[in-house]
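Residues per chain are reported as follows:
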Amino acid sequence: MRRAPVIVIGMHRSGTSMVTRVLEELGLFMGWRKERNDEAWFFHRLNKWLLAQGGGSWECPGAIRHVLGAADVRGRVMEYLEMMMSSPRAASYMGIGRYVRLGSVMKMEGVWGWKDPRNTFTLPLWLELFPGGRVINVVRHGVDVAESLRARHELGYARLARRMEVLRPVLRWVMVERPLLPSGRCKTLEGGFTLWEEYMREARGHVEALGERAIEIKYEDFLGAPEEPVRRLCRFCGLEPGEERVVAAVRGIKRERAYAYREKPELVAYAEEVKGRLGEWGY
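Conventions we followed
- Throughout, a residue's number is its position along its own chain's written sequence, starting from 1.
- In keeping with the model being predicted, local features are shown solely for residues with a pLDDT of at least 70 and side-chain atom pairs are shown and tallied solely at 80 or more, while totals for entire chains, interfaces and linings include all residues.
- Only hydrogens and water are set aside when side-chain values are computed; all heavy atoms of the structure are taken into account.
- Helical segments are the DSSP runs of H or I of at least four residues, strand segments are the runs of E of at least two, and each set is numbered from the N terminus.
- Values of the radius of gyration come from C-alpha atoms, whereas the globule rule sets the reference at 2.2 Å times the count of residues to the power 0.38.
- Only protein chains enter the area calculation, which uses a 1.4 Å probe; residues under 20% of their type maximum are buried, those over 50% are exposed, and those in between are partly exposed.
- A contact between two residues is defined here by any heavy atoms of the two lying within 4.5 Å.
- Values of accessible area rely on a 1.4 Å probe in the Shrake-Rupley scheme; residue burial ignores everything except the protein chains shown.
- Within this document, salt bridges are pairs made up of a side-chain nitrogen of Lys or Arg and a carboxyl oxygen of Asp or Glu, the two lying within 4 Å of each other.
- The directions from the helix axis to the C-beta atoms form the arc being described.
- Strand pairing follows a simple DSSP-based rule, namely that at least 2 bridges must link the two strands.

K.L.:
So what's going on with the overall build of the chain? Which residues, and what values?
P.N.:
What the chain contains, in helices and strands, is 14 helices and 4 strands. In terms of overall size, the chain behaves like a compact globule, its C-alpha atoms giving a radius of gyration of 20 Å where 283 residues would be expected to give roughly 19 Å. Seen through its C-alpha atoms, the chain measures out along the principal axes to roughly 50 × 50 × 35 Å. Among the 283 residues that make up the chain, the fraction classed as buried is 51%. Of the contacts formed within the chain by residues at least 6 apart in sequence, a portion of 75% connects residues at least 24 apart. On the chain, roughly 14,300 Å² of surface is accessible, and the fraction owed to carbon and sulfur atoms is 52%.

As C-alpha cells, this is what we get:
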C-alpha cells in the first residue's frame, strides 16, 4: 500500500540521527544508501541543491525563501524534483530491487521517509510533492547544540587546513571552486546558538501549521525515558513493532548525553547569559 513519507526535521546535532536509527530498527525505511550522518544520499544531495538555488547552505538556510517566493523559479524546481523521483539516481534511495519493481519514489510502499536537518527549510517543497507527508521535529537544548557545532567546526577546520597545506603548491595554478575551509558561523557559541534559533523558529512554525500531521520530540525526554516517546513515534508513523522490539531498540541509548553543557563552567555561564532566549523555546 502506498503511503506518504515521514520527513524528519530539526536542527543539526539535535539527535535526529539517534531517533531515526531507532525507528529504522522498528521498521521505518529511511533509504538504501546513506551518508555518514544516517541521511539518505539521494535526499541529502537534493536538499543541498535546493538551498543552493537560493544562494544558501545549511549554515545560511534562510536563502531558500528566494526560491519559495518566486513562482517561476519554484515551478521549475518542482519540475526537477518530480523528474528526479523516477530517475536512475532514485535507486540509491529505493534500492535496486524496489526501483526496478516500482520505478519511482512517488510509488513507495509501506512506512518510509528520510531524515535531513535541511528538511527544516526545504519542507514546503517536499510537502508540495508529497501533500500527505508527516513530519517529526527533534529538538535539543541550544547550548548543547552550539557546543557540538563548535567542536565539529574545530575538527573540520584542522582537517581542511591540513589539506590546504598539501594543495598549496598547486593552488597558484588551479582554481578550486569548492570551499577550502569551513564557514566561520559555528566557530563560536553565539554563532551556533543563533543558527539553532533560526532552525527552531522554522521547525516550530511547521509543527504548529501541520497540526496532527506533525509531532515534536524533545531529545532530553527521549534520552531520559525513551520507551514512551518511541511508542508515540511508532503510532504516529504507523509502525506496530511490539513491546519487545521497542525495549530492544532503545537498550543502547546513552542517557547521560542529556544537558551535557552542565559539565562545563563555560557552557553553564553561557546558558545563563542566554537564559531568556532559551526560555522562548521551552528550555
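Now, onward.
K.L.:
Talk me through the pattern of salt bridges; I want residue IDs and the actual numbers.
P.N.:
Enumeration according to the criterion identifies 20 salt bridges in this entry. The shortest N-O distance in the salt bridge between R185 and E198 comes to 3.1 Å. Here the residue R185 occupies a position in the loop between α8 (142-171) and α9 (189-210), and E198 occupies one in helix α9, the gap between them amounting to 13 residues. What makes R185 partly exposed here is its relative accessible area of 24%. In this structure, R235 engages E228 in a salt bridge whose closest nitrogen and oxygen atoms are separated by 3.6 Å. Accessibility expressed as a relative area gives 57% for R235, which makes it exposed. When salt bridges that share partners are traced, they join E39, K115, D116 and R118 into one network.

K.L.:
Account for the environment of P61, with residues named and values stated.
P.N.:
Relative to the assigned elements, P61 resides in the loop between α2 (41-53) and α3 (65-68). Residue P61 is classed as buried on the basis of its relative accessible area of 0%. As for P61 and G252, which are separated by 191 residues in sequence, their C-alpha atoms are 33 Å apart. Apart from residues lying up to four places away in sequence, P61 is in contact with L51, F121, L195, E198 and Y199.

K.L.:
For helix α13 (residues 265-273), give the residues involved together with the corresponding values.
P.N.:
When we look at burial in α13, the residues that qualify are L267, Y270 and A271. End-on view of α13: buried residues confined to an arc of 100°, all on one side of the axis. Residues P265, E272 and E273 are exposed on α13 and point more than 90 degrees away from its buried face.

K.L.:
Let's hear about the pairing of strand β1 (residues 6-9): which residues, and what values?
P.N.:
Because side chains alternate across β1, one face comprises the buried residues V6 and V8, and the other comprises I7 and I9, equally buried. Strand direction decides the pairing type here: β1 and strand β2 (residues 113-115), joined by 3 bridges, are parallel. Bridge assignment links I7 to a residue of β2, and that residue is W114. In this structure, β1 lies alongside strand β3 (residues 134-139), joined through 4 bridges in parallel fashion.

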